[in-house]
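# What the coordinates show
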Amino acid sequence: MKWSEQAWERITPLFNKIVEMPFNQELLNGTLPVEKFKFYMAQDAYYLGEFGRALSTISGRMEKMEHILDFSQFAAGAIVVERALHESYFKTLGIPDSINPSPSCLLYTNYLLKEAKYADVAVAVAAVLPCFWIYKKVGDHIYQQQAEVKNNPYKNWIDTYAGEEFAESVHKALTISDELASEASAKTQEAMFHAFEMASRLEWMFWDSAYRLEEWPV
Ligand SMILES: Cc1ncc(C[n+]2csc(CCO)c2C)c(N)n1
């Protein structure tokens, strides 16, 4: 079995929980309170900037030229999405430009930046993979079901993760993960599973924190 197939098996119970989260259910049926969507958007803009930085770091650590190019294209993709958010949702929803990251957002981005810089590069790739793969799977799930929902105010957002271009990036990220895993020691493969599971858990926390409008306790 491929590394990625085993990795998905490990997070399947968590993925099922993610799909059932109130944030995603209400996004899908269009009833998500706009305050929660705004909070999510603002935090996601911060996330995307840091995610782009982590992808650039990984790009520079890659051995194969093709992988350097792939990861720099992923990095550019994340920043382009961030820019698009600013041009569309930030203006229409009135989100301020300066964003303080929530505890969960900061935990997630700092975890990715730490892995990108200090972990074995195969482990760093495993840490950024849930961002691609879980969004693709959640996006596909929501996209299929929302066809029945009329006038969903969140339709444009849902559509961004159901596109062909995004599907291609996910496929590339998966292929690279499996290639690096096949060249890695058993110990490194295990560390890759751990990073993949940790980042998947942090994806759950990111949605949960948006739904709770998470604040710093002090
Ligand atoms: C918390 C959070 N996690 C994942 C994504 C999805 N995502 C953002 S950029 C990118 C790759 C672009 O090349 C993907 C898959 C998100 N938006 N927010």
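Not measured: the values here are computed from a predicted model. (Residues numbered from 1 in each chain as written. Predicted model: local features only at pLDDT ≥ 70, side-chain atom pairs only at ≥ 80, totals over all residues.)

## Considering the overall build of the protein chain
Under the convention used in this document: We count a stretch as a helix when DSSP gives it H or I for four or more residues in a row; a strand needs E for two or more, and each element gets its number in order from the N terminus. Each radius of gyration is computed over the set of C-alpha atoms, and the globule rule expresses the reference value as 2.2 Å times the number of residues to the power 0.38. In this scheme the burial state of a residue depends on its C-beta neighbours within 10 Å: 20 or more other such atoms mean buried, 12 or fewer mean exposed, and anything in between means partly exposed; the C-beta positions come from the backbone.
Looking only at helices and strands, one finds 9 helices and 0 strands in the protein chain. Order of helices (α) and strands (β) in the protein chain, N terminus to C terminus: α-α-α-α-α-α-α-α-α. Taken over C-alpha atoms, the radius of gyration comes to 17 Å for the protein chain, in line with the 17 Å a tight globule of 218 residues would show. Reported as C-alpha extents along the three principal axes, the dimensions of the protein chain are approximately 50 × 35 × 35 Å. Split into buried and exposed, the 218 residues of the protein chain put 32% on the buried side.

## A short note on the nonpolar core
Put simply, the rule reads: Take the buried Ala, Val, Leu, Ile, Met, Phe, Trp, Tyr and Cys residues, join any whose C-beta atoms are within 7 Å, and the set you get is a nonpolar core.
Counting residues in each nonpolar core, the largest one holds 50 residues, and the members touching the most others are I58, V125, A126 and V128. The biggest single contributor to this core is helix α6 (residues 121-146), with 15 residues.

## Side note on the site of the ligand
Put simply, the rule reads: The criterion for a residue being near a molecule or strand is simple: its C-beta atom, placed using the backbone, must lie within 6 Å of it. Amino acids outside the nonpolar list (Ala, Val, Leu, Ile, Met, Phe, Trp, Tyr, Cys, Pro) and the charged list (Asp, Glu, Lys, Arg) are all regarded as polar, and Gly is one of them.
Residues in close proximity to the ligand total 14 residues, the closest being F74, G77, A78, C131 and Y135. Of all the elements in the fold, those that place two or more residues in the shell around the ligand are α3 (34-61), α4 (65-93), α6 and α9 (186-211). The residue inventory of the shell around the ligand, partitioned by class, reads 10 nonpolar, 2 polar and 2 charged.

## Some details on the UniProt feature "domain: Thiaminase-2/PQQC" (unreviewed entry) in the protein chain
The following threshold applies: UniProt positions are given in the numbering used here, feature names are shortened, and annotations may be inferred rather than shown by experiment.
According to UniProt, the feature "domain: Thiaminase-2/PQQC" (unreviewed entry) maps to residues 8-212 in the numbering used here. Annotation note: span residues 8-212, helix share 84%, strand share 0%, distance between end C-alpha atoms 27 Å.

## Considering unusual backbone geometry
The phi dihedral of N151 is positive, around 50 degrees, even though this residue is not glycine. One non-glycine residue with positive phi stands out, namely L213, at about 50 degrees. Relative to the helices and strands, L213 is located in the segment after α9. Classification of L213 by C-beta neighbours within 10 Å gives partly exposed; the count is 13.

## Focus: the environment of E115
As a reminder of what qualifies: The contact criterion used here is simple: two residues whose C-beta atoms, placed from the backbone, lie within 7 Å are in contact.
Mapped onto the secondary structure, E115 falls in helix α5 (residues 103-118). Taking the C-alpha atoms as reference, E115 lies 19 Å from W3; in sequence the two are 112 residues apart. If we ignore the near neighbours within four places in the chain, the residues touching E115 are V123, A124, A127 and A195.

## Thoughts on the confidence of the model for the protein chain
Reading predicted coordinates in detail is not appropriate for stretches of low pLDDT. Stated precisely, the cut-off is as follows: A score from 0 to 100, pLDDT tells how confident the predictor is in each residue.
For the protein chain, per-residue confidence averages 94 on the pLDDT scale, and residues scoring 70 or more make up 100% of the total. Among the scores for the predicted complex, ipTM is 0.93 and pTM is 0.96.

## Some details on helix α8 (residues 164-183)
Given 3.6 residues to a turn, an α-helix orients residues that are three or four positions apart in the same direction. Just so we agree on the cut-off: Take the residue count of a helix, subtract one, and multiply by 1.5 Å to get its expected span. The reported arc concerns the directions from the helix axis to the C-beta atoms and nothing else.
Look at α8: 29 Å from first C-alpha to last across 20 residues, which is about the 28 Å you get at 1.5 Å a residue. Residues A173, L174, I176, S177, L180 and A181 constitute the buried set of α8. One side of α8 carries all its buried residues, which in axial view fall inside an arc of 165 degrees. Turned more than 90 degrees off the buried face of α8, the exposed positions are E164, E165, E168, S182 and E183.

## Some remarks on the packing of α4 against α8
Packed helices, taken two at a time, are described by the angle their axes make and the gap between the axes. To be explicit about the condition: In this description, a line fitted to the C-alpha atoms serves as the axis of each element, helices being fitted only across the stretch in contact, and the angle between N-to-C directions of two axes falls anywhere from 0 to 180 degrees. The scheme is simple: roughly parallel for angles under 35 degrees, roughly antiparallel for over 145, roughly perpendicular for 65 to 115, oblique for anything else. Whether a crossing is left-handed or right-handed is set by the direction in which the near helix is turned from the far one by less than a right angle, anticlockwise for left-handed and clockwise for right-handed.
Where α4 meets α8, the closest approach of the two axes is 11 Å, and the angle between their N-to-C directions is 140 degrees. The angle between α4 and α8 falls in the class oblique. Between α4 and α8 lies a crossing of left-handed hand. Between α4 and α8, the residues in contact are H67, D70, F74 and G77 and S169, K172 and I176, respectively.

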